[in-house]
Amino acid sequence: MSRPDIRQAILDRAVETPYPDGTPGRFLDLTAVASLAREYGLPPRQVEQAALEASVCPLRYARNLRAFSLAEQAKLLAATAALVGLGGLGGGLLETLVRSGVGTVRGADGDVFEESNLNRQLLSDVAALGVAKASRAAARAAAVNPSVDFTAHTGFLDAAGMSAFLDGADVAVDALGGLVDRPALAAAARERHIPLVTAAVAGYTVIVATVLPGDPSPVELLAGGTAGPSAEEVLGCPSPAVMAASALQGTEVVRLLAGRKPALAGKALVIDLEAMRFDTISFTAPR
């Protein structure tokens, strides 16, 4: 069937009801999305995109009103994020991306969950111990938002692998630990001419930054010495700091994919959660 056919089918099944703030709206619920996907032989994501084009909001995104327009929500569904690392930062980021409706998410991690992850890693629980992080991420993405196309890479990426992993992505997301592998990811993002959103945690200190193509990465400036234990290993990774970092990082990723200007381009947001102090450091001249 043609695109006009599905548009009419969407309009026929849309329910007119107010948004949470009282604004009139038309919505398509999960059951209708799944039904139309079966009838038209389309991925659910494409049904949701067609609905947004018809000014019908998939009900699961109703609470995104005011945060994103329908056009921006459609951009999110059409976007691809490449997420490297599915542990503490990566688990929180995955949750943000799939709940926000980022249509295609690639996740890479060669590690398995262990008991020391339970204090902070959202995808971990007792039943997940010994399970591949990438496999658990795939199951979580499917359970939360079946309209998201999630591809799991169960393996560690070298420099060449990172470049291939970023091919065709709209943004690179650095959820790695330590400093050893981060410069290679920054170099791969630069090679692919896509923005990189990075974050790090050491105790109650959080750093979040957005690196546009050609700009210096704070990680590269800090990676002069990688011998010995990392700052996060010395100072720990408490759950509040990890969750705060992933939330701020996810905010920048979603802003970028919705077509908005990032708030941290060329800057690093440095947070001391113990003192509740927030500072911004600029790495580039004002644009």
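Residues numbered from 1 in each chain as written. Predicted model: local features only at pLDDT ≥ 70, side-chain atom pairs only at ≥ 80, totals over all residues. Heavy atoms only, no water.

A few words on the environment of Arg66. Within the element layout of this structure, Arg66 appears in the loop between β3 (57-58) and α4 (70-78). Sequence-wise, Arg66 and Asp21 are 45 residues apart; in three dimensions their C-alpha atoms are separated by 9.6 Å. Leave out the neighbours within four places in its chain, and Arg66 touches Asp21 and Thr23. Among the polar contacts listed, one links the side chain of Arg66 to the side chain of Asp21, at a separation of 2.6 Å. A polar contact is formed between the side chain of Arg66 and the side chain of Thr23, at a distance of 3.1 Å. (Helix = DSSP H or I, 4+ residues; strand = E, 2+ residues; numbered from the N terminus. Contact = heavy atoms within 4.5 Å. Polar contact = N/O pair within 3.5 Å; in protein donor to acceptor, adjacent residues only side chain to side chain.)

This brings us to the sheet that holds strand β11 (residues 277-282). Pairing within the open sheet is mixed, and its eight strands lie in the order β6-β5-β4-β7-β8-β9-β10-β11. Two strands in the sheet have a free side with no partner beyond their single neighbour: β6 (149-153) and β11. Put simply, the sheet's adjacent strands are angled 15° from each other on average, direction ignored. As paired elements, strand β5 (residues 104-108) and β6 share five bridges and run parallel to each other. Across the sheet, residue Gly107 finds its bridge partner in β6, namely Ala152. Sitting on the sheet, helix α8 (residues 182-192) touches β4 (80-84), β7 (171-174) and β8 (196-202), and the angle it makes with β8 is about 165°. (Pairing = 2+ DSSP bridges. Axes fitted to C-alpha atoms, helices over the stretch in contact; angles between N-to-C directions.)

Our next topic: the packing of aromatic side chains. Taken as a whole and judged by the stated rule, the model has one aromatic pair. Note on Tyr19 and Phe27: the rings are 4.7 Å apart at their centroids and 70° apart in plane angle, and the pair reads as edge-to-face. Of the two residues examined, Tyr19 and Phe27, each falls in the buried class. (Phe/Tyr/Trp six-rings, centres within 6.5 Å; stacked < 30°, edge-to-face > 60°. Buried < 20%, exposed > 50% of the residue type's maximum accessible area, 1.4 Å probe, protein only.)

Burial runs high along β4: five of the five residues are buried. Residues Thr80, Ala82 and Val84 of β4 are buried on one face, and the alternating residues Ala81 and Leu83, pointing to the opposite face, are buried as well. Inspection of the sheet shows β4 paired to β5 by five bridges, in the parallel sense. When the bridges of β5 are listed, Ala81 appears paired with Val105. A crossover connection joins β4 to the parallel β5 through helix α5 (residues 88-100); in handedness this β-α-β unit is right-handed. One ladder, built from four bridges, connects β4 with β7; its direction is parallel. Pairing of Val84 across the sheet is with Asp174, part of β7. (Right-handed = clockwise from strand over helix to strand, strands pointing away.)

This paragraph deals with the side chain of Ser35. Secondary-structure assignment places Ser35 in helix α2 (residues 30-40). Classification of Ser35 as buried rests on a relative accessible area of 16%. A polar side-chain atom of Ser35 sits 3.1 Å from a polar atom in the side chain of Arg13.

One broad rule of soluble globular proteins: the nonpolar side chains tend to lie buried together. Leu94, Val171, Val206 and Leu257 are the most contacted members of the largest nonpolar core, which has 43 residues in total. Element by element, the count of residues in this core is highest for helix α11 (residues 239-257), at seven residues. Once you skip the residues sitting within four places of it in the chain, Val171 turns out to touch Thr80, Ala81, Ala82, Ile194, Pro195, Val197, Val253, Leu256 and Leu257. (Core = buried A, V, L, I, M, F, W, Y, C linked by side-chain atoms within 4.5 Å.)

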